[in-house]
Amino acid sequence: MTTSPRDKTAPRDIDQPAVIAARTDDVSALNTKKVFIKTYGCQMNVYDSERMADVLSPIGYAPTEVPDDADLVILNTCHIREKAAEKVYSELGRIRKMKEANKPDMKVAVAGCVAQAEGAEIKRRAPVVDMVLGPQTYHKLPEMIAKVHRETGAVLETEFDTLEKFDQLPETRKPKGFSSFLTIQEGCDKFCTFCVVPYTRGAEVSRPVTQIVAEARSLASQGVREITLIGQNVNAYHAEGPDGGQWGLGELIRHVALIGGIDRIRFTTSHPRDMDDELIKVLGEEPKLMPYLHLPIQAGSDKILRAMNRDHTYEHYKQLIAKIRAANPDIALSGDFIVGFPGETDADFEQTMKCVKEIGYASSFSFKYSVRPGTPGATMHRQVPEDVKSERLKRLQDLLYTQQREFNQSLIGKTLPVLVEGTAREPGRLFGRSPYLTGTHFDGPEELIGQIVDVTITEAGVNSLIGV
Ligand code: 5AD
Ligand code: SF4
């Protein structure tokens, strides 16, 4: 296990697959076919899966949660670590058996980052696959499906035209709940030496402000109260604003905050190099922006940061955090860490431990370095043995989870505004999220679902809060 012990509804652990929930409101007389979409990976994929459902709805596909019922199965895949990518092939094995046993006409698509990275290789390894489509081509699903029904052999679409995709997607969203992701930026030009994202998602591209605002309004008009602005490098967002000037993420957040019905805004994932002064100011000033910041450092040693091509030092990060905390002392900080990057010595790893102790994180994601073919890290000398990585990860996670528990315990006795997302497993109990994104459970009537209510925290664990 390489990730934080979060509750099942916490922000996506990017190795854990999720199934897109069926939206019964989608099922109309027109919807005669069923699509089962399984999502692996990050928030970007969660958003993309919802958008694929939006694209398929007009051509008659309603979502199902039962793969056996599906006419079309889509695996929306993740390539970030080896484990995530390999899961896809085992799932395809299960799908092949299911198709052979009772669904001979079922079509199978592989979407997302494995599709982008491995393209035709997927079809060779898994002949059950009919369609392979990258993260920038899913708006073409209807024509791909038509082609698959006309021709034999797999259909492959892995072009990189992010803006064309967004131009083609339906403006109206069909959100599932009261909190929704909204992609504002995609791709990455940073080329951290461990990371596949610049190769699978392409260059950094920001969506136009007007398009984002239209989508946010569509979400608000359907009851969404919290929007998380997402992107691989969300704080590198830059686009022309309605005033003709260049807008960064700070300006965009102030603008989205003006939309009636939107009460909470979040953003993820950020890079320390792109935390500009305007964004830091907005973190201190905009009441709708939640006091939670995911700002990964990955490692504490300057030598490793350099080898990772992060382009900043630990000291720079520390000063940045000090500035952010000065702007808003209430900010809960979250981070990503990689242990066992090539060349990481015991002394380097101790620098990561020192960083965590000095900075203090309210939540975190931590991973063993996973060699990704085609990235510079893969061919670096002095790869770290697996048992050393495991030992370092254990020590790091012990520290991170202790901090997470301590942070949650510091909330006991406080009254927090919680956006109620639904019912918890226990009868009579509701589930929502604190401003710090912590899953919060409390007893209450179902009428409260969709409301922001004051909850006084009485108990705290590593992953969740209980309150009244
Ligand atoms: N090995 C391990 N972790 C990785 N991440 C990205 N690439 C790798 C890799 N090759 C982690 C980083 C990043 C998060 C999304 O996944 O911590 O911030
Ligand atoms: Fe990957 Fe680095 Fe870009 Fe983040 S900033 S997506 S870790 S290359």
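Q: Help me out: how do you make sense of the site of ligand 1 in this one?
A: Around ligand 1, a shell composed of 12 residues is seen, among which Arg81, Phe194, Gln298, Asp336 and Ser370 lie nearest. Here an oxygen atom of ligand 1 and a side-chain polar atom of Gln298 are 2.6 Å apart. Out of a free accessible area of 400 Å², ligand 1 has 89% covered by protein chains. Its residues assigned to classes, the shell around ligand 1 shows six nonpolar, two polar and four charged. For the shell around ligand 1, the domains that each give at least three residues are domain 1 (14–159) and domain 3 (320–410).

Q: Would you mind going over the packing of aromatic side chains with me for this structure?
A: The relation between two aromatic rings is expressed through the spacing of the ring centres and the mutual angle of the planes. Enumeration according to the criterion identifies five aromatic pairs in this entry. For the ring pair Phe191 and Tyr199, a centre distance of 5.5 Å and an interplane angle of 75° mean the geometry is edge-to-face. Of the residues examined, Tyr199 reaches a relative accessible area of 38% and is grouped as partly exposed. Ring geometry for Phe337 against Tyr361: centres 5.1 Å apart, planes inclined by 90°, an arrangement best described as edge-to-face. In this pair, Phe337 sits in strand E16 (residues 332–339) while Tyr361 sits in the loop between helix H12 (346–359) and strand E17 (363–368), placing the two residues 24 residues apart along the sequence. Put simply, the rings of Phe194, Phe341 and Tyr369 touch in pairs and so form one group of aromatic residues. When the ring centre of Tyr89 is taken as reference, the NZ or CZ atom of Arg125 above it lies at 3.6 Å.

Q: How do you make sense of the nonpolar core when you look at a structure like this?
A: Note on soluble globular proteins: their nonpolar side chains tend to be buried together. Counting 55 residues, the largest nonpolar core has Leu229, Leu249, Phe267 and Tyr361 as the members making the most contacts within it. At six residues, helix H7 (residues 209–221) tops the list of elements feeding residues into this core. Among residues more than four places away in sequence, those in contact with Leu249 are Ile184, Leu229, Val234, Asn235, Tyr237, Phe267 and Leu279. Membership of the second largest hydrophobic core comes to 24 residues, among which are Met144, Ile145, Phe166 and Leu169.

Q: Sorry if this is basic, but what is going on with the sheet that holds strand E11 (residues 226–230) here?
A: The pairing of strands in a sheet comes from backbone hydrogen bonds and takes either a parallel or an antiparallel form. Here we have three strands laid out as an open sheet, ordered E8-E11-E14, and parallel in their pairing. Only two strands of the sheet have a single partner each, and these edge strands are strand E8 (179–183) and strand E14 (264–268). Strand-to-strand twist in this sheet, taken as the mean axis angle between neighbours without regard to direction, amounts to 25°. Sheet topology places E8 next to E11; five bridges connect them, and they run parallel. Residue Ser179 lies in a different strand from E11, and its bridge partner there is Glu226.

Q: Please explain helix H13 (residues 386–409) as it appears in this structure.
A: Owing to its 3.6 residues per turn, the α-helix brings residues three or four apart onto one side. For H13, built from 24 residues, the straight-helix expectation of 34 Å at 1.5 Å per residue is met to within 8% by its first-to-last C-alpha distance of 34 Å. Regarding H13, the residues found buried are Lys389, Arg392, Leu393, Leu396, Gln397, Leu399, Leu400, Tyr401, Gln403, Gln404, Phe407 and Asn408.

Q: How do you make sense of the environment of Phe191 when you look at a structure like this?
A: For Phe191, the location among the structural elements is in the loop between strand E9 (185–186) and helix H6 (197–200). Residue classification places Phe191 among the partly exposed residues on the basis of a relative accessible area of 36%. Along the primary structure Phe191 and Asn328 are separated by 137 residues, whereas in three dimensions their C-alpha atoms are 30 Å apart. With residues near it in sequence (within four places) discarded, Phe191 still touches Pro198, Tyr199, Met308 and Asn309.

What counts, and where the lines are drawn
- Residues numbered from 1 in each chain as written.
- Chains lettered and ligands numbered in written order.
- Predicted model: local features only at pLDDT ≥ 70, side-chain atom pairs only at ≥ 80, totals over all residues.
- Heavy atoms only, no water.
- Near = heavy atom within 4 Å.
- Polar contact = N/O pair within 3.5 Å; in protein donor to acceptor, adjacent residues only side chain to side chain.
- Areas by Shrake-Rupley, 256 points an atom, 1.4 Å probe, with all protein chains shown as cover.
- Nonpolar A, V, L, I, M, F, W, Y, C, P; charged D, E, K, R; others polar.
- Domains from an automatic or database assignment.
- Phe/Tyr/Trp six-rings, centres within 6.5 Å; stacked < 30°, edge-to-face > 60°.
- Buried < 20%, exposed > 50% of the residue type's maximum accessible area, 1.4 Å probe, protein only.
- Helix = DSSP H or I, 4+ residues; strand = E, 2+ residues; numbered from the N terminus.
- Lys NZ or Arg CZ within 6 Å of the ring centre and 35° of its normal.
- Core = buried A, V, L, I, M, F, W, Y, C linked by side-chain atoms within 4.5 Å.
- Contact = heavy atoms within 4.5 Å.
- Pairing = 2+ DSSP bridges.
- Axes fitted to C-alpha atoms, helices over the stretch in contact; angles between N-to-C directions.
- Expected span 1.5 Å × (residues − 1).

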